[in-house]
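Inside the fold
This is what each chain is made of:
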Amino acid sequence: MSTETFCTYETAWCPGCGNFMILECLKTALEQMGKEPSEVLVAAGIGQAAKTPQYINANAFCGLHGRALPAAVAAKMANEKLTVIVNTGDGDSYGEGGNHFIHNIRRNIDIAHFVHDNQIYGLTKGQASPTSVIGLVTGVQTDGNFNEPLNPALVAIACGAGFVARGFTGHKEQLISLMKQAIAYQGYALVDILQPCVSFNKTNTFAWYNARVYELDESYDRQNKAAAMQKALEFGDKIPIGVLYHEEKSTYHQKSEVLKQGVPLLDRKTDPALMKRLIASYI
Amino acid sequence: MSTETFCTYETAWCPGCGNFMILECLKTALEQMGKEPSEVLVAAGIGQAAKTPQYINANAFCGLHGRALPAAVAAKMANEKLTVIVNTGDGDSYGEGGNHFIHNIRRNIDIAHFVHDNQIYGLTKGQASPTSVIGLVTGVQTDGNFNEPLNPALVAIACGAGFVARGFTGHKEQLISLMKQAIAYQGYALVDILQPCVSFNKTNTFAWYNARVYELDESYDRQNKAAAMQKALEFGDKIPIGVLYHEEKSTYHQKSEVLKQGVPLLDRKTDPALMKRLIASYI
Amino acid sequence: MYNLLIGGAAGQGIETTAAILEKFLKRSGYHVLTIRDFMSRVRGGHNFSLIRFGTEPIRSHSDRLDGIIALDDETVHEHRDQLNETGFILGDSKLSATDDRLIKVDMAGMAKELGNPRVSGIIAVGILLKMFGETLDGAEDVLGTFVKQQYLQINQKALEQGYAIAEKRYEHLDGKYSGWMLISGNHAVALGAVAAGLRFYSAYPMSPSTSILETLAALGDEAGVVVEQAEDEIAAINMAIGASYAGARAMTGTSGGGFSLMVEALGLSGMAEIPLVVIDVQRPGPVTGLPTRTEQSDLRFVISASQGEFPRMVIALRNQEDAFYQTMRAFHLAEAYQIPVILLSDQYLGDATATVEPFDPTRIRVADPASSYDGEDEYLRYRYSEDGISPRLIPGKTKHLVAIDSDEHDERGWITESAEVRTKMVDKRMKKIEGFRRELLEPDMIGPEDFDTLLLGWGSTWGPIAEAVRLLNQKGQGRYAALVFGDVYPLPQKLLKEKAAQAKRLINVEQNATGQLAGLIREETGIVCTDSVLKYDGRQISAEEIAARIRKEGAK
Amino acid sequence: MYNLLIGGAAGQGIETTAAILEKFLKRSGYHVLTIRDFMSRVRGGHNFSLIRFGTEPIRSHSDRLDGIIALDDETVHEHRDQLNETGFILGDSKLSATDDRLIKVDMAGMAKELGNPRVSGIIAVGILLKMFGETLDGAEDVLGTFVKQQYLQINQKALEQGYAIAEKRYEHLDGKYSGWMLISGNHAVALGAVAAGLRFYSAYPMSPSTSILETLAALGDEAGVVVEQAEDEIAAINMAIGASYAGARAMTGTSGGGFSLMVEALGLSGMAEIPLVVIDVQRPGPVTGLPTRTEQSDLRFVISASQGEFPRMVIALRNQEDAFYQTMRAFHLAEAYQIPVILLSDQYLGDATATVEPFDPTRIRVADPASSYDGEDEYLRYRYSEDGISPRLIPGKTKHLVAIDSDEHDERGWITESAEVRTKMVDKRMKKIEGFRRELLEPDMIGPEDFDTLLLGWGSTWGPIAEAVRLLNQKGQGRYAALVFGDVYPLPQKLLKEKAAQAKRLINVEQNATGQLAGLIREETGIVCTDSVLKYDGRQISAEEIAARIRKEGAK
Ligand SMILES: Cc1ncc(C[n+]2csc(CCOP(=O)(O)OP(=O)(O)O)c2C)c(N)n1
Ligand SMILES: Cc1ncc(C[n+]2csc(CCOP(=O)(O)OP(=O)(O)O)c2C)c(N)n1
Ligand code: SF4
Ligand code: SF4
Ligand SMILES: [Mg+2]
Ligand SMILES: [Mg+2]
């Protein structure tokens, strides 16, 4: 498997971090899909995961902590020819960025959202994230985290997402496949990726995940919403990974009167005749 | 039914607005529960619904658009003796305030959250809110709203809320009862209240709701999460109203080492001896 | 010149009545200015519109009335003292108020008879048109702009009935403005943006900026503009930045409270050098303040909003014409210098409709993305350059990759912690200021050259100040002139220094409590205002009030 | 005075090594100052700590080194040029760097033999203590503060082994500081808050402010403080306001980016007159900037942050002692005037540990909620008053109801649209400024009375500026003095005007690119700085650099 097109740069991540595998899978997925670097936009907020755009040979947008989604979906609105992928952290996506998470699901813009879910704030050196498990002791959660963890897959389905998957850095082939499906999916696609943080999360380690995950197989009906919500709830001794929910839905671009006209937004020009008519309408 | 204790003031609402009924039910609920005005705090953001605290004889906190919840839960942390109720709009609660909505459910602080859900932005004169139905034409959604409406009850259950109900201004007795249950519930309790806006929402009128709602009866098992999510999904020709989900959970106050000590936070003092020890620890 | 007030409760249709009346008047040749004063509620309360019209250009509203159209008793009580001796009050028969000047007409009854109680405002318009010696020519067309097709006929009838029962009281005067536009500040901004090539507008509803969003939404399909209502203002501005990065000319708009939420991302536009236009239609603060009223109190805020330091431009809109051309220019400057440009408007200007010469969209040329990149060397998004401007390519449009980062970055756009690169990048960004400093527009000089008292203002007080200068020079003892700033940050200093040197008295006239422009002028030039006229009750100061305050007390 | 640098990659334990070493040195009587320079990453890169110690008070770091402890080769390469001729480099045997001054010790090997590769830093501490003529007295206690119980023994062994193999090189000097505290700016802020009666702290993690959150979290259970990690900074500040409204003394903390998100709610504190303390621990911007480095570029931002106008105070922290007492005072001022008080710190001060006299928590009295309410008339939360301060009751504590609104409100706290009430309420709020203006603390005057050049600074450059004045007066030609501001907004003007009048040259020394203090001084006083020394590469300016730049070029 080559990652020449989307070649590797030196990273600032810790040796052993799950981010490396996500980066590799992302590059592989893009190569296998035959994407050109210049047609790909990788966007992120701020955090360890959010450094991903810096480490891949593609257009890169590292914006503000928590604000990757609004910038990324708007870039897609501006230029539908871009393959837009958001790679960012759990704190970024579900904490600071929580409001954009739920509302961009509702917009259903054709992007892929890969959350490096290490259940911790990595870059700021280890505080509870929205997905941190109960009891996790950190420098801030000194008595152990006692807020109910967010279940991103469940919330995504509840908000109406049409493609919701869970991946794990320890299941490389599946992760590549999930990424490819998410990118290919027409609409907003979430892959919540279980990613061990070797430096700060001593609870949810590679071994912890590895002992719990199991791949959903053919028998699982990914199109049944109620069942999918049930399945998504499973996050304990057993953690299902794979596509939890799949539904075809019209995308924003298909619904917007402006965008469905076929010409990418950035290539459109204001018609001088229209300008004249508009001005005249105020006379 | 008297509303003397929480007596009425002149309002700035439109005649016929559903808000009047919510206000009346709220006053009645509080009176029936024997609350004193001074022990009640009604908090809100900004909007038409958010004027509620101004129209009831209780402590009132009208903060920022979208930010009622953080202020309200913190007031409860500061003084657990206050009965804290948030009355505010759907735009306020789920739009601008969406991130606080999902994360305060996770905190599970003992407050009641009554959302005046008119499926529209009222005060700003009629734009789509997160709960607006598809196709709703407004001055901004000129081609009709095409974003998937948020299902607040479903999202609340998905985020782990222990008390989730849906009410309707046309079912007064039930609404009073839902309010009383929500206030009595130990933890975060959501009542999403279907509230006709006679001025701007010509789709979801009183008649529209009235033709669709039905009260959940005894046979409904409010403690089954999967079933509750299924039930919450129902929002079309039929709309169930009543308590959709109920689960006992430990509250923030029961879990916090500081708050479980029994003395309300605002009554605590910093111990000078502790101060000495702290200073000494840096020597 | 006539000055009419139409008042009533929210929900009584004042706005439509005023809009129809002013359109008739403008079409018949008058120069018209209408300002809108309303409360933050949907029904009830007391709202009014002030319509001033005449054959000469009108720049300011006035508090002295020639006529009142009272849809309720409160309007009579509130405003009768402003009415001239010879003025009239037109009210419904059911009003209980009494006044010698009150003409009662059973408009409600007539409307009911016509089959729709909501047309009584149109009956009033008919009455007024007759009173002022107007015809009903083109009525169908005017009504058609404001009234749904199915109600056209009944409105037409109402108009005619009102016209029929009234008597002529004033002579029609011939003005030359029938071919001009009648447009509000917010609509002019929307048109300016479209003229500049706007492709993407994202906003969250907020008074008094919402009508920009709605105007653009109404024309978006036709004009090829995506108009997106965001989940909050943070999303709105980050979306605009994302769209701009990807090559769609983008703007966001809000009022002060929403701007507060946009502060962080404003810095992203500055740091990542992504062109962005933001409009803040000001209202009285702090926080929610007076949501539907006017103030100029965000100047210092927007000038230094966001952590750290980066170049930006702030342009205050002075009138409806400015609103169009300066919006176009804002897009040009944002693109040419790859910076955020902030437009400051306010409720007064945003909601007020004025008569302006038809806009010429070709007057301002808007730059294309700077692509000094010749394709020979490695493409460097943030290449150091003489003028601080680096080649901006659009992602996906060439084979070159475009990387941006909110962290400090090197020429390629990659994170750096190098002290040397950091310093050079700050310098590179700051160098752009020199460029746009050269493009600054000096303030408007109003009044005679041989003044001794100089008024200083900015933005929407332009009209009232200009008119005040005229009033003061009419019967004052001194000689008055004014400088009114449009470009306000960086502050153009040439004319200011020249004129201030000549002035015996310098008076800042501002719609805020702390004299924000005066402070900025002190900081930038050392010039100190000797007096100031400040108003912060949410109502725009009128020319008369400025003149009176300057005459009476030598200002507060 | 000695100056040591401990350098290596992130994750090599530099911080703990430095913390243990400095504690030993302070306990043995030295005055110690340690600054921390690290990259925004968890592993790798190049980080270092600079430990300066001596028997006289140390106020500034220095770039001239007496010793380097190199955990990697990069440290040697990066810093050897700063090392004195007679200095030493202590490195592991496996380093490949060569230098005459390099002492290689097989610390890694020793650590491995001891059974834990992570203790090699402690071996280095042992070596250093021996070199500087120290004893190992109290080692257990020092180690116990930084090392988990189960690792205590092995660390003790490592320390002893290092000590055993090294040779004494310097003489121990007797200092008088063994009983003083060694504390960082951020920790001092946390302690000051608790001393002032903090009950509620809400924040979202953000460098370099996170250690305030963590320090408070660690002591919260014992001290009765709820410490809540918010979902975002908007929640953090709105929670603090809600808690304060309900009667729990509250604070929030962040860095510039988080402050940007708090801007709207800052105005809520101002409008609703709810006491609030906010600390902004500054880092270089714009936006993400250099997350773990230092800058003073948020001054103008925080002064005018939020739409509209309301009273606020901004206090810059100058050193670790200030950090404690001014934090206490901030709570007092917030409560006494019912305003937001903003503390400005920065990464340099926040992370640097210094030797300070043990804090006296009784020195500052913190006001109780103002309750001038005598219970006779109707309770009016926003009663008009002489000094603008209204009676603040706590909801639920009396039978009176407490209503607050972010809209403009009347004396009861209810929404109003009255022009008259609006004006009176703005005036009432603004009147409070007169009160706290009288409480302003004048800047620190440093240096001789007969100066001709006056340096002006604020906040954390206090130490470097003070030291620079000493250096400049030692061998400069002129006579130098400095004013360093703590209270910075409103700006105290008495001393400034007095001293500026005497100065031939006025030089602002600031850690930013635009000279923000100089601008503020121009605006407030008309006093213009003749030169400025600005630095904005994320590294704190040292006394030597200030002196050199002033000597060489007469500043930039
Ligand atoms: C507005 C703002 N608040 C806070 C921060 C500090 N910050 C940077 S990354 C981060 C959290 C990172 O956690 P996550 O998103 O889970 O990414 P990870 O590092 O774990 O990959 C925080 C709080 C910031 N940069 N901006
Ligand atoms: C930061 C900010 N953005 C926008 C607004 C303008 N605003 C006031 S109320 C409102 C929406 C009201 O809708 P909702 O919450 O559903 O309440 P309703 O009026 O329908 O009861 C908006 C957008 C504001 N006050 N503050
Ligand atoms: S801190 Fe955790 S998430 Fe960040 S690079 Fe290291 S291991 Fe990965
Ligand atoms: S606008 Fe709608 S929600 Fe607001 S008061 Fe009127 S009817 Fe009620
Ligand atoms: Mg994470
Ligand atoms: Mg609503």
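Residues numbered from 1 in each chain as written. Chains lettered and ligands numbered in written order. Predicted model: local features only at pLDDT ≥ 70, side-chain atom pairs only at ≥ 80, totals over all residues. Heavy atoms only, no water.

Of regular secondary structure, chain A possesses 10 helices and eight strands. The C-alpha atoms of chain A give a radius of gyration of 20 Å, which matches the 19 Å a tight globule of 283 residues would have. Oriented by its inertia axes, the alpha-carbon framework of chain A measures out at about 70 × 45 × 40 Å. Put simply, chain A has 283 residues, and 70% of those count as buried. Carbon and sulfur atoms make up 50% of the accessible area of chain A, which amounts to about 8,600 Å² in all. Taking the average location of the 25 positive side-chain charges in chain A and that of its 27 negative ones, the two points are 6 Å from each other. (Helix = DSSP H or I, 4+ residues; strand = E, 2+ residues; numbered from the N terminus. Rg over C-alpha atoms; globule rule 2.2 N^0.38 Å. Buried < 20%, exposed > 50% of the residue type's maximum accessible area, 1.4 Å probe, protein only. Areas by Shrake-Rupley, 256 points an atom, 1.4 Å probe, with all protein chains shown as cover. Lys, Arg positive; Asp, Glu negative; His and termini not counted. Charge placed at Lys NZ, Arg CZ, Asp CG, Glu CD.)

Moving on, we get to the interface of chain D and chain C. Bring the parts together and some accessible area is lost; that lost area is often taken as the interface size. Counting residues at the interface gives 58 residues for chain D and 58 residues for chain C. Of the roughly 4,800 Å² buried between chain D and chain C, counting both surfaces, carbon and sulfur atoms make up 53%. Summed over the three residues of chain D that lose the most area to chain C, namely D:Gln307, D:Glu309 and D:Glu417, the buried surface amounts to 17% of that side. At the junction of chain D and chain C, the tally comes to six salt bridges. Put simply, D:Arg300 and C:Glu523 hold a salt bridge, and the shortest N to O gap is 3.1 Å. Connecting chain D to chain C are 39 residue pairs in polar contact (both at pLDDT 80 or more). For the side of chain D that touches chain C, the secondary-structure elements that each account for two or more residues are α10 (256-272), α11 (299-304), α14 (419-437) and α17 (516-525) of chain D. Here the element with the most residues in the side of chain D that touches chain C is α10(D); it accounts for nine residues. (Contact = heavy atoms within 4.5 Å. Buried area = accessible area lost by both parts, 1.4 Å probe. Salt bridge = Lys/Arg side-chain N within 4 Å of Asp/Glu carboxyl O. Polar contact = N/O pair within 3.5 Å; in protein donor to acceptor, adjacent residues only side chain to side chain.)

As a further point, take the coordination of the magnesium ion (ligand 5). Residue and element names in this part refer to chain A. For the magnesium ion (ligand 5), the protein coordination sphere consists of Asp90 (OD), Asn118 (OD1) and Ile120 (O), at 2.0 to 2.2 Å. Site description for the magnesium ion (ligand 5): donor spacing in sequence, D-x27-N-x1-I. Within this pair, whereas Asp90 is found in helix α3 (residues 90-96), its partner Asn118 is found in the loop between β4 (112-117) and α5 (152-158), the two being separated by 28 residues in sequence. For the residue pair Asp90 and Asn118, the accessibility class agrees, reading buried in each case. (Donors = N, O, S within 2.8 Å, 3.2 Å for Na, K, Ca; no water.)

Taken together, the residues surrounding ligand 4 are B:Trp13, B:Cys14, B:Cys17, B:Asn19, B:Gln48, B:Asn118, B:Gln195, B:Cys197, B:Val198, B:Ser199, B:Phe200 and C:Val42. Those chains with residues close to ligand 4 are chains B and C. When its residues are assigned to classes, the shell around ligand 4 shows seven nonpolar, five polar and no charged. (Near = heavy atom within 4 Å. Nonpolar A, V, L, I, M, F, W, Y, C, P; charged D, E, K, R; others polar.)

A few words now on the sheet that holds strand β14 (residues 353-356) of chain C. Backbone-to-backbone hydrogen bonds join strands into a sheet, with any given pair of strands oriented parallel or antiparallel. Residue and element names in this part refer to chain C. Ordered in space as β6-β5-β4-β1-β3-β2-β14-β7, the eight strands form an open sheet in which the pairing is mixed. The strands lining the two open edges of the sheet, one partner per strand, are β6 (102-105) and β7 (181-184). Ignoring strand direction, the axes of neighbouring strands in this sheet form an average angle of 20 degrees. In the sheet, strand β5 (residues 83-92) pairs with β6 via four bridges, with the strands oriented parallel. Of the residues in β6, the one forming a bridge with Asp92 is Val105. (Pairing = 2+ DSSP bridges. Axes fitted to C-alpha atoms, helices over the stretch in contact; angles between N-to-C directions.)

Now for the sheet that holds strand β15 (residues 403-405) of chain D. Across the sheet, nine strands lie side by side as β7(B)-β8(B)-β5(B)-β6(B)-β4(B)-β3(B)-β1(B)-β2(B)-β15(D); this open sheet has mixed pairing. Each having just a single partner strand, β7 (213-215) of chain B together with β15 of chain D make up the two edges of the open sheet. Each adjacent strand pair in this sheet contributes to an overall mean axis angle of 20 degrees, direction not counted. In the sheet, strand β1 (residues 40-44) of chain B pairs with strand β2 (residues 59-62) of chain B via four bridges, with the strands oriented parallel. Of the residues in β2(B), the one forming a bridge with B:Ala43 is B:Phe61.

The subject of this paragraph is the environment of D:Arg118. All names here are of chain D. The residue Arg118 is located in the loop between α3 (107-114) and α4 (120-131) in this model. Looking at Arg118, the relative accessible area reads 71%, which means it is exposed. Note: C-alpha distance between Arg118 and Asn155 (37 residues apart in sequence) is 9.4 Å.

This part takes up the site of ligand 3. Near ligand 3 the following residues occur: A:Trp13, A:Cys14, A:Cys17, A:Asn19, A:Gln48, A:Asn118, A:Gln195, A:Cys197, A:Val198, A:Ser199, A:Phe200 and D:Val42. With respect to ligand 3, the chains having nearby residues are chains A and D.

Attention shifts here to the confidence of the model for chain C. Scored by pLDDT, chain C has a mean of 95; 99% of the residues are at 70 or more. Predicted complex, confidence summary: ipTM 0.98, pTM 0.98. (pLDDT = per-residue confidence, 0-100.)

Counting residues at the interface gives 66 residues for chain D, matched by 49 residues for chain B. Taken together, both faces of the contact between chain D and chain B bury some 4,500 Å²; the carbon and sulfur share is 62%. On the chain D side of the contact with chain B, D:Arg199, D:Glu231 and D:Leu401 bury the most area, a combined 14% of that side's loss. The tally of links from chain D across to chain B stands at four salt bridges. Of the charged contacts, one joins B:Arg107 and D:Glu228 as a salt bridge, the two residues approaching to 2.5 Å between their closest N and O atoms. The tally of links between chain D and chain B comes to 24 residue pairs in polar contact (both at pLDDT 80 or more). Those elements that provide at least two residues to the side of chain D that touches chain B are α1 (14-27), β7 (181-184), α7 (185-195), α8 (210-223), β9 (226-229), α9 (233-245), α10 and β15 of chain D. Top contributing element to the side of chain D that touches chain B by residue count: α9(D), with eight residues. The residue inventory of the side of chain D that touches chain B, partitioned by class, reads 36 nonpolar, 16 polar and 14 charged.

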